[in-house]
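Architecture and fold: a report
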Amino acid sequence: MIRLGDGGPVGRVVATEALPAGPHQFHFWTATATPVGIGAIVRVDEEAGRTVYAVVVDGRAYSDLATPLHEVVAAEGDPAGTRAPTRRTEVRLWTAAVLRHVPEEPVQPVPLAEVRLATDEDVEAALRMDAYVRSEQPSAIPVGVYRAGGLTAPVSLDAEFLLGPESAHLNINGVSGLATKTSAVEFILASIFQRLPMQKGTVAAVCFNVKGPDLCFLDQPGELADADRELYAALGIEPRPFDRVHYYAPFKVDGVNLNTLRSHPDLLGSVQPLVWGLREVLNFHEVLLNRDDIDAKADAFLDFLADRVVEREFRDEWGNTHRVRSFADLERLFRCIFDGLEQAGRSDVWRTHHVATIRKVRNRLLNISTRCKGLVTDDGTVSDLPFGQLEDRAVYVLDVAGMDQLGQDLVFTRVVSMLREHLERGDLGVEHVIVFVDELNKYAPSDGPETYVKKMLLDISERGRYLGLVLFAAQQFRSQVHRRIVGNAGTVVFGRMDMDELATPGYQVLSPATKIKLATLPKGELMVRHPHFTQPVFVRFPRPPVLSGPVGLKQFPPAADLPFEEAVVRQLAALDRRVSSARIKDSIAGRREDDVRRALLATKRTRPEDVVGFFMASLGPAVSREPIGRGESVARPLRSVEDPYAT
Amino acid sequence: MLRVGGTVSAGVPLSHAAPSVTSPFGSASYVEGDRIRALEVGDAAVPPTELAFLDGIQRYAVEGRIGLVPVVRGYVAAAVLRRVRETLQAVESRSEEFVLAPFERLTSQQRAELEGVGLPLYDCPAAERSHPILDVRLAAKEVETKREVLELEIARRYLEAEPAGWLVVDGALTALSEVLEMSPKVLGLIKSHETQFLDGRDLEVALTLPAAHRTSVFARAVGEHGRVYTWYLRLWPWEEHDLLYGLVRVERAPTDATVDEATAVSRWLLAERAPLAARDGRWDRLIYPIQQVETYLRAQAGGWW
Ligand SMILES: Nc1ncnc2c1ncn2[C@@H]1O[C@H](COP(=O)(O)OP(=O)(O)OP(=O)(O)O)[C@@H](O)[C@H]1O
Ligand SMILES: [Mg+2]
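In this text the structure is predicted, and so the values were computed from the model without any measurement.

**A closer look at the overall build of chain B**
- The secondary structure content of chain B amounts to 6 helices and 12 strands.
- For 305 residues, the compact-globule formula gives about 19 Å, and the C-alpha radius of gyration of chain B, at 21 Å, lands near that figure.
- With the C-alpha coordinates aligned to their principal axes, the bounding extent of chain B is approximately 65 × 45 × 40 Å.
- Expressed as a percentage of its 305 residues, the buried residues of chain B come to 47%.
- Here the analysis covers contacts within chain B between residues at least 6 apart in sequence; of these, 62% occur between residues at least 24 apart.
- As presented, chain B carries roughly 15,100 Å² of accessible surface, and 51% of it is formed by carbon and sulfur atoms.
- With 34 positive and 43 negative side-chain charges, chain B shows a spacing of 3 Å between the two charge centroids.

**Description of the packing of aromatic side chains**
- For the structure shown, the criterion picks out 19 aromatic pairs over all chains.
- Members of the aromatic cluster, each reached through a chain of ring pairs, are A:Phe301, A:Phe304, A:Phe314, A:Phe334, A:Phe338 and A:Trp350.
- Sitting above the plane of the A:Phe538 ring, A:Lys517 keeps its charged end 4.5 Å from the centroid.
- Sitting over the ring of B:Tyr122, B:Lys146 keeps its end group 4.0 Å from the ring centre.

**Describing the side chain of A:Arg362**
- Relative to the helices and strands, A:Arg362 resides in helix α12 (residues 355-371).
- A distance of 3.1 Å separates polar atoms of two side chains, one belonging to A:Arg362 and the other to A:Glu331.

**Topic: the site of ligand 1**
Residues and elements named next belong to chain A.
- As a structural note, the neighbourhood of ligand 1 is formed by 14 residues, with Ser 176, Lys 181, Thr 182, Ser 183 and Lys 211 the closest of them.
- Lys 181 has a polar side-chain atom sitting 2.6 Å from an oxygen atom of ligand 1.
- In this structure, an oxygen atom belonging to ligand 1 sits 2.5 Å away from a side-chain N or O atom of Lys 211.
- Against a free-state accessible area of 640 Å², the protein chains account for coverage of 79% of ligand 1.
- For the shell around ligand 1, the residue count by class is 4 nonpolar, 6 polar and 4 charged.

**Brief notes about the domain arrangement of chain A**
- Parsing chain A into structural domains produces domain 1 (9-118), domain 2 (151-248 + 386-545), domain 3 (279-371) and domain 4 (562-619).
- Domain 1 of chain A and domain 3 of chain A are separated by 73 Å when their C-alpha centres are compared.

**Re the nonpolar core**
All names here are of chain A.
- Core analysis: the largest hydrophobic core is formed by 91 residues, its most contacted members being Phe 26, Ile 41, Val 155, Ile 192 and Phe 472.
- If you tally residues by element for this core, the top one is helix α5 (residues 181-195), at 8 residues.
- If you count residues domain by domain, this core takes at least three from each of domain 1 (9-118) and domain 2 (151-248 + 386-545).
- Each residue touching Ile 192, except ones within four places of it in the same chain, is listed here: Ile 141, Leu 162, Leu 163, Val 203, Arg 393, Ile 434 and Phe 472.
- Among the nonpolar cores identified, the runner-up in size contains 75 residues, and Cys 372, Leu 385, Met 418 and Tyr 443 belong to it.

**Concerning the state of the cysteines**
Residues and elements named next belong to chain A.
- Counted by the stated rule, this structure contains 0 disulfides over all chains.
- We note that Cys 207 lacks a disulfide partner, and the nearest cysteine sulfur, in Cys 216, lies 11 Å from it.
- Owing to a relative accessible area of 1%, Cys 207 belongs among the buried residues under this scheme.
- Just so you know, Cys 372 is unpaired, no disulfide at all, and the nearest cysteine sulfur is the one on Cys 216, 19 Å from it.
- Among the residues examined, Cys 372 registers a relative accessible area of 1% and is labelled buried.

**Quick look at the domain arrangement of chain B**
Residue and element names in this part refer to chain B.
- Each assigned domain of chain B is listed here: domain 1 (28-50 + 164-273) and domain 2 (57-163).
- Counting residues at the interface gives 15 residues for domain 1, matched by 13 residues for domain 2.
- Summing both sides of the interface, domain 1 and domain 2 together bury roughly 1,200 Å²; the carbon and sulfur share of this comes to 59%.
- Looking at the side of domain 1 facing domain 2, the largest losses of area belong to Leu 167, Ala 175 and Met 182, adding up to 35% of the total buried there.
- For the pair domain 1 and domain 2, the number of links is 2 salt bridges.
- The salt bridge involving Glu 178 is made with Arg 156; its shortest N-O contact spans 2.5 Å.
- Linking domain 1 to domain 2 there are 4 residue pairs in polar contact (both at pLDDT 80 or more).
- Those elements giving two or more residues to the side of domain 1 that touches domain 2 turn out to be β7 (166-170) and α3 (177-180).

**With respect to the pattern of salt bridges**
- Within this structure, the stated rule accounts for 65 salt bridges over all chains.
- Note that A:Glu424 is salt-bridged to A:Arg420, the shortest N-O span being 2.8 Å. Linking A:Glu424 with A:Arg420, this pair stays in helix α13 (residues 405-425), spanning 4 residues, or about one helical turn.
- By relative accessible area, which is 43% here, A:Glu424 ends up partly exposed.
- By relative accessible area, which is 16% here, A:Arg420 ends up buried.
- The partner of B:Asp135 in a salt bridge is B:Arg105, with the nearest N and O atoms 3.2 Å apart. Linking B:Asp135 in helix α2 (residues 132-161) with B:Arg105 in the loop between β5 (87-101) and α1 (108-115), this pair joins segments that are 30 residues apart in sequence.
- Here B:Asp135 falls in the buried class, since its relative accessible area comes to 2%.
- You can call B:Arg105 partly exposed: its relative accessible area is 22%.
- Salt bridges linked by common partners bring A:Arg100, A:Glu104, A:Arg128 and A:Asp130 together as one network.

**Some thoughts on the packing of helix α20 (residues 564-575) of chain A against helix α22 (residues 593-606) of chain A**
All names here are of chain A.
- Interaxial distance between α20 and α22 falls to 11 Å at its minimum, and their mutual angle equals 10°. Between α20 and α22, the interaxial angle falls into the category roughly parallel. Along its contact with α20, which presents Phe 564, Val 568, Gln 571, Leu 572 and Leu 575, the element α22 presents Glu 593, Val 596, Arg 597, Leu 600, Thr 603 and Lys 604.
- A breakdown of the residues in the contact of α20 with α22 according to their chemical character gives 6 nonpolar, 2 polar and 3 charged.

**A look at the interface of chain A and chain B**
- With 16 residues of chain A at the interface, the matching set in chain B holds 19 residues.
- Counting across the interface, chain A meets chain B through 3 salt bridges.
- Here B:Arg273 and A:Glu76 are joined by a salt bridge, their closest N and O atoms 2.8 Å apart.
- Across the contact surface, chain A and chain B share 10 residue pairs in polar contact (both at pLDDT 80 or more).
- Per element, the largest residue contribution to the side of chain A that touches chain B is 4 residues, and it comes from helix α1 (residues 68-74) of chain A.
- Of the residues contributing to the side of chain A that touches chain B, the split by class is 6 nonpolar, 4 polar and 6 charged.

Conventions and cut-offs
Residues numbered from 1 in each chain as written. Chains lettered and ligands numbered in written order. Predicted model: local features only at pLDDT ≥ 70, side-chain atom pairs only at ≥ 80, totals over all residues. Heavy atoms only, no water. Helix = DSSP H or I, 4+ residues; strand = E, 2+ residues; numbered from the N terminus. Rg over C-alpha atoms; globule rule 2.2 N^0.38 Å. Buried < 20%, exposed > 50% of the residue type's maximum accessible area, 1.4 Å probe, protein only. Contact = heavy atoms within 4.5 Å. Areas by Shrake-Rupley, 256 points an atom, 1.4 Å probe, with all protein chains shown as cover. Lys, Arg positive; Asp, Glu negative; His and termini not counted. Charge placed at Lys NZ, Arg CZ, Asp CG, Glu CD. Phe/Tyr/Trp six-rings, centres within 6.5 Å; stacked < 30°, edge-to-face > 60°. Lys NZ or Arg CZ within 6 Å of the ring centre and 35° of its normal. Polar contact = N/O pair within 3.5 Å; in protein donor to acceptor, adjacent residues only side chain to side chain. Near = heavy atom within 4 Å. Nonpolar A, V, L, I, M, F, W, Y, C, P; charged D, E, K, R; others polar. Domains from an automatic or database assignment. Core = buried A, V, L, I, M, F, W, Y, C linked by side-chain atoms within 4.5 Å. Disulfide = S-S within 2.5 Å. Buried area = accessible area lost by both parts, 1.4 Å probe. Salt bridge = Lys/Arg side-chain N within 4 Å of Asp/Glu carboxyl O. Axes fitted to C-alpha atoms, helices over the stretch in contact; angles between N-to-C directions. Parallel < 35°, antiparallel > 145°, perpendicular 65-115°, else oblique.

This is how it looks when you write it as structure tokens:
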């Protein structure tokens, strides 16, 4: 009766005075058995050569029953009574929203003609993809396949509108676990890396891993079903993991075990420590110091430290010379100031800064070094992303999942600011960088104070597209994210949605049937909004070509934290399997832990041929043997001094 | 009312006398027993699977006058819908549009002009003397005859294709008596009771049948020599309405089988009360499949509705 995908009519446009056909919306009926469903793309042809493409947004079925009472009467009040010998005539009435008119002008009501299911080419035309899929310089990034009535048509995004400069950014929403948000971003990144044409330039991705093992195995192949492989084939993408992935993670509090779930011995070698010093932190002190309680006075003092003290020779009034490189150096300076002021008697002011301000700033800064211990070192060594030498089609994963919010904010702000500065100067190493932030609602909530992080995100969302700084962000509830940040995303993707969220004002434009479809969307299906698409379209995408976090943890269980010496041995062994445990332990026995850390960091950064030789050389000859208490914190706040702001 | 053994009616207020009835009385003879009795038919039963429904429609309009002579445009259509697994499907359908005028009142030139309009032109009777209403009524009668001819043709075609199936026709079998010889399974379902064939106590039994009862089968004359067997059947209780509420009359070929099967046929006709043909005011007597044939024909007629 109804043959699928053969191009035969599946329905007819109907128009009545109450339900007229307009230029943007119309209604059509189909048989009760029909391949048409919500999200199906259809075409209507007028004999005069006009074609209208549309997407089905609503559907209704009803019979000629005027009131339910008539059924009751006919059954004589007994629902179990004799079954009626004739089924009432039933109509399937669909509402479709117009995607495109060909020709585009003049815009007229949809002709009252036959309705057909769209073919591959129709889908291309309907979504205006022809302009970038078939053009001389194609810029199509496959995002998934559209499916209806046995037909599979690839749907692509336009790189010009995904990575700039026309528009940029991608925002993905949906409930936890079912919306496949993280998976979708992983897949789209793979698609961009494989399909972004050379003439569109180079691209790298910087991903913040904020949740457990989520992005810890991007370089490992994941398990795919046959259906996934078919989707990859249909989209022209190879299902292989990313071949250039660089991992960065801060240390744990012990300063030697890395704070990441990617700590299996087979993988640990590829994780670089993320270690910053005082300078890196001080430049972003705005993030760390809660805006609410940092006033102009504290700001001025921080500027003074940054400009006049850090990494300079600085003489205080009491005859000491300071060269502040680390938090430990800074603490020494503060002690000198407080001691000096105390001895001098009643003065409350040092170089125009009130002692209360100085004390407040000190406590804040040292608090940072405590809370971000593992990221922030005391000794001035730094291990950082290779800003300036980012590689084309490489992924840089910053594993901040184990850090507290303050540390995450710091990493995020500094990394993004650095990317931005380098892009502005054109010396990042790549022309586009995609910054992937999961759980955007944590960084840019719709309510709450105007934090530095939020302002920065807003700035990227507004100006990033000109710079090649592209934000891919995910969150469960769009309504909980700053409106302008999500509003500036050119491409918006929805996975399975929460009904309550769909009831919020941001979703009013969607038809009730579309909302219900969104609330029941199966895993692997997404609704995509993109500047070229007049209406959102539903697509299916394959599982990402990488190992998922939970499965990765099973395959590569994280190693337990080791005692200091063991940890050093393991990290060196990850660089070179021939490393002898006894020899390393011997050489570090009795050495200051900080010195060992520095040597380890240098070795990891350099990745020399001769791992042991380099490590030994960095360690230097064993001279001082001062006993130092292990794990002693430098940042010991002065309890004796009252600081109302101490946290 | 009840005290004197009467029945309460709906009591709907009206203003005009009922329209005049053209043939109020007909003749009948007993077939099942020697008087008319009310027989309980029992519960509704599942209708036969091979079952189809026939109906026809007619429309006419006075398009103009040549002198006093009316020129009438007519439209007739008929269709058979067969029920397959609870769904009705059109299996036969025909329609015709034409122009009618009494040729005897036209000059040959006028007739030639009318022939030129592009629709078939047919003759129709006219009143003895010119009469603006009577002339049109005669033309309308002719339209009705054309519908009956079409219905007959459709019925014949259907029965040739499906000789074993039942065919339920809307209305009396008067014009279809020819097909009764083709199939014993043709039923006429009459919902208007202008012509009364019974009299006296028999009539009272028939018109006061309780719900789910039928009368005994009797015969009525068709044309000069023919006859059909027929019985009344009450589909819905008439109490609180009026005598004719829910009352249908069934016609079938004059054979013994008709008498033997009258109860069985009545039972499955009771099943046809559902679904209710409630979009039509006559739903107490109109079964849904027949209404669907009419809906189908009207949809086909397009501009005529
Ligand atoms: N294309 C796909 N088809 C079918 N299932 C998929 C697909 N992509 C991912 N999944 C499955 O869906 C599950 C959830 O995926 P994912 O972790 O990406 O969701 P999420 O929306 O990011 O969840 P959360 O909000 O908890 O981070 C995974 O177990 C994964 O196996
Ligand atoms: Mg996720």
